[in-house]
Amino acid sequence: MSEAERADPRDVLAGCPEWDTGAENVRYFGEALAIRLGSTLPAWINAVDASRLPASPTSHSICSGISTR
């Protein structure tokens with residue numbers, strides 16, 4: 001695939017707010033793991049639960065599998 005044929009991920013996410021929210025959830029989770037911000041996970045879980053994204057079963061599965069309390 002040539003450079004011209006590739007979609008810019010920002011354009012894809014801008015066209016679908018749900019995907020943008022899902023991508024942000026995944027990004028935040030990765031950052032929390034990478035720099036050991038376990039104390040922020042309860043807020044992340046609440047944000048993912050509140051988003052109620054129908055196309056985001058993975059995020060909800062991860063949330064239900066994490067015990068932070």
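Whatever comes next refers back to the structure up there.
Worth saying up front: this structure is predicted, and the values here are computed from it rather than measured. (Residues numbered from 1 in each chain as written. Predicted model: local features only at pLDDT ≥ 70, side-chain atom pairs only at ≥ 80, totals over all residues. Heavy atoms only, no water.)

## A few points about the packing of helix α2 (residues 17-34) against helix α3 (residues 41-51)
One way to put it is that α2 packs onto α3 with a least axis distance of 11 Å and a crossing angle of 165 degrees. With respect to their mutual orientation, α2 and α3 come out roughly antiparallel. The handedness of the crossing between α2 and α3 comes out as left-handed. Residues Thr 21, Asn 25, Tyr 28, Phe 29 and Ala 32 of α2 pack against Leu 41, Trp 44, Val 48 and Ser 51 of α3. Taken together, the residues that form the contact of α2 with α3 break down as 6 nonpolar, 3 polar and no charged. (Axes fitted to C-alpha atoms, helices over the stretch in contact; angles between N-to-C directions. Helix = DSSP H or I, 4+ residues; strand = E, 2+ residues; numbered from the N terminus. Parallel < 35°, antiparallel > 145°, perpendicular 65-115°, else oblique. Left-handed = near helix turned anticlockwise from the far one by under 90°. Contact = heavy atoms within 4.5 Å. Nonpolar A, V, L, I, M, F, W, Y, C, P; charged D, E, K, R; others polar.)

## A look at the nonpolar core
Judged by nonpolar contacts, Phe 29, Ala 32, Leu 41, Trp 44, Ile 45, Val 48 and Cys 63 together constitute the single largest core of 7 residues. For this core, the secondary structure elements donating two or more residues are α2 and α3. Apart from the residues lying within four places of it in its own chain, the contact partners of Ala 32 are Leu 37, Thr 40 and Leu 41. (Core = buried A, V, L, I, M, F, W, Y, C linked by side-chain atoms within 4.5 Å. Buried < 20%, exposed > 50% of the residue type's maximum accessible area, 1.4 Å probe, protein only.)

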